[in-house]
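The primary structure of each chain is shown beneath.
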Amino acid sequence: GNSVTQMEGPVTLSEEAFLTINCTYTATGYPSLFWYVQYPGEGLQLLLKATKADDKGSNKGFEATYRKETTSFHLEKGSVQVSDSAVYFCALLNQAGTALIFGKGTTLSVSS
Amino acid sequence: GAVVSQHPSWVICKSGTSVKIECRSLDFQATTMFWYRQFPKQSLMLMATSNEGSKATYEQGVEKDKFLINHASLTLSTLTVTSAHPEDSSFYICSAREMTGTHKGNEQFFGPGTRLTVL
């Protein structure tokens, strides 16, 4: 079945450090892939998405590339800020478009 | 953008009581709404999918008599946790999807969540 695996957290970084959060998936067909962010006390917000192989999603300095050959969608940012501290969820939408499958989430903590 | 609200944001109740959680799409018509449950430091688990005017589709392992879902209008879905027990304590999150209009497509817009604590 469909599943998403993302790296365990928490991830603790200093401001301006480089960020990578790994995400791999198992799915039938060609799912759309997403990264959601959940700031403290708030709901999930869509950060970026990619709908087909080799697509790169980007937003707010974050990027992720849909790699079909490695079934991965790693999240990267070149220089993190304190305001990026949040929980990040990788997710896939099944091909039928009926269900979002989430990873367990990775907590990012950035200190100044 | 598309805004989804939930009410209440936090509720504490006694064991055995029922609690209703509302999910509203504020600026679009949500033909489909989803209910998720999130345990501490865990992922979101889809509980059920509801389409306006029809019965909800529950995921395997979710008791439909325990978690009553009603999607009576295009902007409102409710989740009622009946005869709540401490093990029902969790963070409940709804999302909404619009199939026509400005926000049409497969993207789900999430509410801020409702924290339920059953004593």
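Cut-offs used in this document
Sequence positions are assigned chain by chain, starting from 1 and proceeding in written order. Throughout, the order in which chains and ligands are written sets their labels, letters from A for the former and numbers from 1 for the latter. Selection of residues for local features in this predicted model requires a pLDDT of at least 70, selection of side-chain atom pairs for listing and counting requires 80 or more, and totals for whole chains, interfaces and linings are taken over all residues. Hydrogens and water are ignored here; the side-chain numbers use all heavy atoms of the structure. The helix count covers DSSP runs of H or I at least four residues long, the strand count covers runs of E at least two residues long, and both are numbered beginning at the N terminus. Residue exposure (1.4 Å probe, protein chains only): buried if accessible area is under 20% of the type maximum, exposed if over 50%, otherwise partly exposed. Working rule for contacts: check all heavy atoms of both residues, and any pair within 4.5 Å makes them a contact. Throughout, the Shrake-Rupley method with a 1.4 Å probe supplies accessible areas, and for residues the shown protein chains are the sole cover considered. Here the positive residues are Lys and Arg and the negative ones are Asp and Glu; neither His nor the chain ends is included. In this description, the location of a charge corresponds to atom NZ of lysine, CZ of arginine, CG of aspartate or CD of glutamate. Any two strands are treated as partners once DSSP identifies two or more bridges connecting them. Each axis is a line fitted through C-alpha atoms, taken for helices only over the stretch in contact, and angles between the N-to-C directions span 0 to 180 degrees. Here's the idea: put two parts together, see how much 1.4 Å probe accessible area each one loses, and the total over both is what we call buried area. Definition used for salt bridges: Asp or Glu carboxyl oxygen within 4 Å of a side-chain nitrogen of Lys or Arg. Residues enter a nonpolar core if they are buried and are Ala, Val, Leu, Ile, Met, Phe, Trp, Tyr or Cys, with the set joined through side-chain atoms within 4.5 Å. Here a polar contact is recorded for every N or O atom pair within 3.5 Å, except that within protein the pair must consist of a potential hydrogen donor and a potential acceptor, and residues adjacent in sequence are included only if both atoms are side-chain atoms. Stacked, edge-to-face and tilted labels apply to pairs of Phe, Tyr and Trp rings (six-membered ring for Trp) whose centres lie within 6.5 Å, assigned for plane angles under 30 degrees, over 60, and everything in between, in that order.

Asker: Can you help me understand the overall build of chain A in this one?
Answerer: When helices and strands are tallied, chain A shows 0 helices and 12 strands. If you list the helices and strands of chain A from N to C, you get β-β-β-β-β-β-β-β-β-β-β-β. Overall size of chain A, expressed as C-alpha extent along the three principal axes, is 45 × 25 × 20 Å. Looking at chain A as a whole, 45% of its 112 residues are labelled buried. Here the analysis covers contacts within chain A between residues at least 6 apart in sequence; of these, 55% occur between residues at least 24 apart. Accessible surface computed for chain A: about 5300 Å², of which carbon and sulfur atoms make up 47%. Side chains of chain A give 8 positive and 10 negative charges; the mean places of these two sets differ by 8 Å.

Asker: Teacher, can you tell me more about the sheet that holds strand β3 (residues 19–21) of chain A here?
Answerer: What holds strands together in a sheet is hydrogen bonding between their backbones, with the strands either parallel or antiparallel. Residue and element names in this part refer to chain A. Pairing is antiparallel across the open sheet formed by 4 strands, whose spatial order is β3-β9-β8-β7. Edge positions in the open sheet fall to β3 and β7 (56–59), since each of these has one partner strand only. Geometrically, the sheet is characterised by an average inter-axis angle of 15° between neighbouring strands, direction not taken into account. Bridge analysis of β3 against strand β9 (residues 75–77) gives 3 bridges, and the strand direction is antiparallel. By the bridge assignment, T20 is partnered in β9 with E76.

Asker: Even after reading the chapter, I still don't get the interface of chain B and chain A, so can you show me in this structure?
Answerer: Counting residues at the interface gives 18 residues for chain B, matched by 16 residues for chain A. On the chain B side of the interface with chain A, the three residues burying the most area are S43, E107 and F110 of chain B, jointly 34% of the side's total. On the surface where chain B and chain A come into contact, there are 0 salt bridges. Of all the secondary structure elements, the ones that give two or more residues to the side of chain B that touches chain A are β4 (32–38), β5 (44–51) and β9 (90–97) of chain B.

Asker: Could you clarify how one ought to interpret the sheet that holds strand β7 (residues 67–73) of chain B in this entry?
Answerer: All names here are of chain B. Read from one edge of the open sheet, 4 strands run β1-β3-β8-β7, paired in antiparallel fashion. Edge positions in the sheet fall to β1 (4–7) and β7, since each has one partner strand and no second. Within the sheet, the average angular offset between the axes of one strand and its neighbour, ignoring direction, is 15°. Relative to strand β3 (residues 19–25), β1 runs antiparallel, the two being bridged by 4 bridges. Of the residues in β3, the one forming a bridge with H7 is E22.

Asker: Any chance you could explain the pairing of strand β8 (residues 62–65) of chain A here in plain terms?
Answerer: Along any regular strand, the residues point their side chains to alternate faces of the sheet. All names here are of chain A. Of the pairings in the sheet, the one linking β7 to β8 comprises 4 bridges and is antiparallel in character. Bridge pairing links N59 to F62 in β8. Between the antiparallel neighbours β7 and β8 lie 2 residues, among them K60 with a positive phi of about 55°. Relative to β9, β8 is paired through 3 bridges, and the arrangement is antiparallel. Across the sheet, F62 pairs through a bridge with K77, a residue of β9.

Asker: Could you clarify how one ought to interpret the nonpolar core in this entry?
Answerer: For soluble globular proteins, the rule of thumb is that nonpolar side chains tend to be buried together. Counting 26 residues, the largest nonpolar core has L19, W35, L47, L48, F73, L75 and Y88 of chain A as its most contacted members. Every element with two or more residues in this core is listed here: β2 (11–14), β3, β4 (23–26), β5 (32–38), β6 (44–50), β8, β10 (86–93) and β12 (106–111) of chain A. A per-element tally of this core places β10 of chain A first, with 4 residues. One finds V4, C23, I69 and A84 of chain B within the second-largest nonpolar core, a separate group that totals 25 residues.

Asker: So what exactly am I meant to see when it comes to the side chain of T114 of chain B here?
Answerer: Residue and element names in this part refer to chain B. Tracing the backbone shows T114 in strand β11 (residues 114–118). A polar atom in the side chain of T114 sits 3.1 Å from the side chain of Q6. Non-local contacts of T114, meaning those with residues more than four positions away in its chain, are made with Q6, H7, P8, S9, V11, I21, S90, F91 and Y92.

Asker: In this structure, what is going on with the packing of aromatic side chains? I would like to understand it.
Answerer: For any pair of aromatic rings, the description consists of the separation of the ring centres together with the inter-plane angle of the planes. Residue and element names in this part refer to chain A. Throughout the structure, instances matching the rule amount to 11 aromatic pairs over all chains. Look at Y25 and Y66: their rings are 6.0 Å apart centre to centre, the planes differ by 80°, and that puts the pair in the edge-to-face class. Residue Y25 is found in strand β4, and its partner Y66 is found in the loop between β8 and β9; the two are separated by 41 residues along the sequence. Taken individually, Y25 and Y66 each receive the classification buried, so the pair is uniform in this respect.

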